[in-house]
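Below are the chains, spelled out letter by letter.
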Amino acid sequence: MQRARVPSTGRQQRMSSTYPSAPIGVRLISYLSAKLCPRLQVNRVLWFKCSVLGLTYLAYTCYHMTRKPISVVKSVLHRNCSTVTLPPEFVTPGGGGGGDPTVPPPLPTDGTWCDYAPFDQPDFNSLFGALDSAFLFSYAIAMFFAGFIAERVSLRYFLALGMAFSGLFCYLFGMAKVYDIHALWYFVAVQALAGMFQTTGWPGVVTIVGRWFGKSKRGLIFGIWNSHTSIGNVLGTLIAAHYVERDWSMSFVVPGFVMGLCGFLMFLFVVERPEIVDCQEKVADYAQQQRGSSAGSSVRRMDDSVSDVEDSGVSAEQEINERTPILGSINRAPPQHDAIGFFGALRIPGVIEFSLSLFFSKLVSYTFLFWLPFYIQHSTSMGAKLSADVSTVFDIGGIIGAIAAGMMSDASAMPATTCTGMLAIAAPLLLIYRCWGSVSLSVNILLLFVVGLMVNGPYALITTSVSAELGQHSSLNGNSKALATVTAIIDGTGSIGAAIGPLLAGMVSGWNNVFYMLVISDVLALAMLLRISSKECSRRNINRRYNVRIE
């Protein structure tokens, strides 16, 4: 029987299509295109996929941009005042002893005159650790609830409000200098509330991207997309470093304002689900999952033609043939599923192992995130601004590491093995950086780049591609309402490690002991994945023998 092909919704169509449920910005663009360019035709699926990637990239860049200023500003909240230039009132006439304007005022005798209270105390490291912990513990605890909420509300509002309040609390931290606030509880409260609203970012953006993109080349796509983490860190560092020695309040005010502005853009333009703009996936993908799960088979033959169809965005089952049901539409939506619970998500194979691995991986990464500029300044002769600028090399290495990890994971289909390999290399590199990083500026930059590559690669792979893969695991039988919950569990567990790392760094005496702690954490992250890695190696041997893929 001759097969007839149904046109795909992803083909060239006019941009003037109306979408009643779409964000107001999308509807405005559709209206303007209808008026100004009525004959304009574009690939709608590609157009919206690119917009989703771009907007979510921008959003999470802003989330990380507002986390970074505190690590830069630490270097001026408490510093060695003997190296600080005296203010003009101490070196120019005006107001000396006995009211004589020709006599300069007495020089400050307090060794902490240049510090900002309450961080002028001898236990300033513990106070800095308290600020970091207030943010990170709040973030870690709220993350478990954020995934639960994200599955049940509009992600567009979820992200827009989260970004608005995150920007607000970043702004309020900087306002402490403007209004001369020195109460420790104020800084702790602002950091804790900022951490709570920062949890809206990761479950939101990963879920939106996961809804729009299939499994084809997911590691590479997420690897490139995940560079927003490092780009945000770099931008946050550069903005904060630009103002830190002149007016550190602006190091928080500017990122906070940009964050709020980008949150408004998300409200106007982000399309959270393909169904909103008639770009939903065909029911064939769902039917294929149902057939595989009902058969209960763990071994499936992956035909090359299926992969080609998936890559092009056109479903093979859009062809009408003798097996097409007479009743019902070929584009009928799959049955609705309830959102998965916390314990149901934990039962998904691999969630616990990758969560624990991320716990230790994120401990290492976030200790660098919050303490690296401070460490560079105190282990070398660099100033506050130069130390902040050099610390961005760690994030640049992280960008390359995320892309490399994604590509290796795609090529080998062995994400756990990819992570263990990079973690094994990272452990000795941490000790090498501690011993040789202060030799010269060029050596510091080189080692910092390689350390960033190996430390951030596994962290990025687990939080993106692996989380999305587990959130759409075959054991869920096609339930698409698990992605945000699984992502929140994995990232929330990692965030507990991220909270503990900077806290311990402030409490441990001596930088050598801090680096020993980081090496031990790195090895433990590797150990958490050994069981899954061994299974992947066994599976690869079976694949070579029988030319099949096990899922």
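Residues numbered from 1 in each chain as written. Predicted model: local features only at pLDDT ≥ 70, side-chain atom pairs only at ≥ 80, totals over all residues. Heavy atoms only, no water.

### Description of the overall build of the protein chain
Put simply, the test is: A run of DSSP states H or I qualifies as a helix once it reaches four residues; a run of E qualifies as a strand once it reaches two. Both are numbered from the N-terminal end. Buried means the residue's accessible area, taken with a 1.4 Å probe over protein chains only, is under 20% of the maximum for its type, while exposed means over 50%, and partly exposed covers the values in between. In this description, contact between two residues means that some pair of their heavy atoms is separated by no more than 4.5 Å. With residues, only the protein chains shown are counted as cover, and all accessible areas are computed by Shrake-Rupley using a 1.4 Å probe.
In terms of regular secondary structure, the protein chain is built from 21 helices and six strands. Across the 551 residues of the protein chain, 49% fall into the buried class. Excluding contacts between residues fewer than 6 apart, the proportion of contacts in the protein chain whose partners are at least 24 apart in sequence is 83%. With the model as given, the accessible surface of the protein chain reaches about 24,900 Å², and the carbon-plus-sulfur share is 64%.

### Notes on the side chain of S133
Spelled out, the test is: Pairs of N or O atoms are called polar contacts if they sit within 3.5 Å, as long as, within protein, a hydrogen donor faces a hydrogen acceptor (for residues adjacent in sequence, only side-chain-to-side-chain pairs).
Residue placement: S133 occurs in helix α5 (residues 124-150). According to the relative accessible area criterion, S133 is buried, its value standing at 8%. Here the side chain of S133 touches G129 through a polar contact of 2.8 Å, landing on its backbone oxygen. The residues touching S133, leaving out its near neighbours within four places in the chain, are S138, A499 and L503.

### Digging into the state of the cysteines
Worth spelling out the cut-off: Count a disulfide wherever a pair of cysteine sulfur atoms falls within 2.5 Å.
As enumerated under the stated definition, the model contains zero disulfides in all. Between C62, a cysteine without a disulfide, and C262, which holds the nearest cysteine sulfur, the sulfur-to-sulfur distance is 3.4 Å.

### Comments concerning the packing of aromatic side chains
Defined as follows: Two rings from Phe, Tyr or Trp (for Trp, the six-membered ring) form a pair when their centres sit within 6.5 Å of each other. Planes less than 30 degrees apart are called stacked, planes more than 60 degrees apart edge-to-face, and all others tilted. A ring is scored as having a charge over it whenever the NZ atom of a lysine or the CZ atom of an arginine sits within 6 Å of its centre and within 35 degrees of its normal.
All chains considered together, the criterion is met by 30 aromatic pairs. On the basis of an interplanar angle of 80° and a centroid distance of 6.5 Å, the ring pair of Y366 and Y459 is categorised as edge-to-face. Of the two residues, Y366 is situated in helix α15 (residues 351-379) and Y459 in helix α18 (residues 441-471); the sequence distance between them amounts to 93 residues. Classification of Y366 by relative accessible area gives buried; the value is 2%. According to the relative accessible area criterion, Y459 is buried, its value standing at 9%. Relative to W511, the ring of W371 lies with its centre 6.4 Å away and its plane at 70°, an arrangement referred to as edge-to-face. Here W371, found in helix α15, pairs with W511, found in helix α20 (residues 511-528); they are 140 residues apart in sequence, far enough to count as distant. On the basis of relative accessible area, W371 is assigned to the buried category, the value being 3%. Its relative accessible area of 23% is what places W511 among the partly exposed residues. Seen from the ring of F148, R152 lies directly overhead, with NZ or CZ sitting 3.7 Å from the centre.

### Observations regarding the pattern of salt bridges
So the rule is basically this: Between Lys or Arg on one side and Asp or Glu on the other, a salt bridge is scored when a side-chain nitrogen of the former is within 4 Å of a carboxyl oxygen of the latter.
Taken as a whole, this structure holds seven salt bridges when the rule is applied. For the salt bridge of K385 with D389, the shortest nitrogen-to-oxygen distance reads 3.3 Å. Of this pair, K385 and D389 both sit in helix α16 (residues 384-412), four residues apart, roughly one helical turn. Its relative accessible area of 36% is what places K385 among the partly exposed residues. By relative accessible area, which is 24% here, D389 ends up partly exposed. Through salt bridges with shared partners, one network takes in E272, R273 and E275.

### Here's the deal with the nonpolar core
To keep things clear, this is the line we draw: To qualify as a nonpolar core, a set must consist of buried Ala, Val, Leu, Ile, Met, Phe, Trp, Tyr and Cys residues joined through side-chain atoms within 4.5 Å.
Of all hydrophobic cores here, the largest spans 82 residues; its most connected members are F368 and Y433. Here this core gets 14 residues from one element, more than from any other, and that element is α15. For Y433, the contacting residues outside a window of four places in its chain are L372, Y375, I376, N444, L447, L448, V451 and F515. By size, the runner-up hydrophobic cluster in this structure holds 41 residues, among which are Y19, L155, F158 and W202.

### Let's talk about empty space enclosed by the protein
The criterion, for reference: Cavity means a closed set of points on a 1 Å grid over the protein atoms alone, one where a 1.4 Å probe fits but cannot get out, pocket means an open set with protein on both sides within 12 Å along at least 5 of 7 lines, and lining means a residue has an atom within 4 Å of a point. Grid points are joined across faces, edges and corners, and a volume is the space filled by probe spheres set on the points. Residue classes follow a fixed rule: Ala, Val, Leu, Ile, Met, Phe, Trp, Tyr, Cys and Pro count as nonpolar, while Asp, Glu, Lys and Arg count as charged, and any other residue, Gly among them, counts as polar.
One pass over the full model with this rule turns up five cavities of 30 Å³ or more. Empty space within the largest cavity amounts to approximately 140 Å³. In terms of lining residues, the largest cavity is bounded by 15 residues, among which T66, R67, F135, Q191 and A194 are the most central. Sorting the residues of the lining of the largest cavity by element identifies α3 (69-77), α6 (155-178) and α7 (184-198) as the ones contributing at least two each. Class assignment of the residues belonging to the lining of the largest cavity gives a composition of 10 nonpolar, four polar and one charged.

### Digging into the environment of I149
Of note, I149 is situated in helix α5. As for I149 and G204, which are separated by 55 residues in sequence, their C-alpha atoms are 10.0 Å apart.

### As for the packing of helix α17 (residues 415-436) against α20
Where we set the bar: All axes are obtained by fitting lines to C-alpha atoms, using only the stretch in contact for helices, and the reported angles, taken between N-to-C directions, cover 0 to 180 degrees. Roughly parallel refers to an angle under 35 degrees, roughly antiparallel to one over 145, roughly perpendicular to one between 65 and 115, and oblique to any angle outside these ranges.
Between α17 and α20, the shortest axis-to-axis distance is 9 Å and the interhelical angle comes to 170°. Classified by the angle their axes make, α17 and α20 are roughly antiparallel. For the pair α17 and α20, contact is made by T420, L423, A424, A426, A427, L430, L431, Y433 and R434 and by W511, N512, F515, Y516, L518, V519, D522, V523, A525 and L526, respectively. Looking at the contact of α17 with α20 residue by residue, the class counts come to 15 nonpolar, two polar and two charged.

### Describing helix α19 (residues 483-507)
Counted only if it meets this: One fewer than the residue count of a helix, multiplied by 1.5 Å, yields its expected span.
Compared with the 36 Å implied by 1.5 Å per residue over 25 residues, the 36 Å span of α19 between its first and last C-alpha is a close match. Here α19 lies mainly inside the structure; 20 of its 25 residues are buried.

### Quick notes on unusual backbone geometry
Of note, the bond from A117 into P118 is cis; its omega dihedral lies within 30 degrees of zero at 10°. Tracing the backbone shows P118 in the loop between α4 (88-91) and α5. For D180, which is not glycine, the phi dihedral falls at a positive 55°. With a phi close to 55°, A413 is a non-glycine residue in the positive phi region. Relative to the elements of secondary structure, A413 occurs in the loop between α16 and α17. The exposure class assigned to A413 is partly exposed, which follows from its relative accessible area of 31%.

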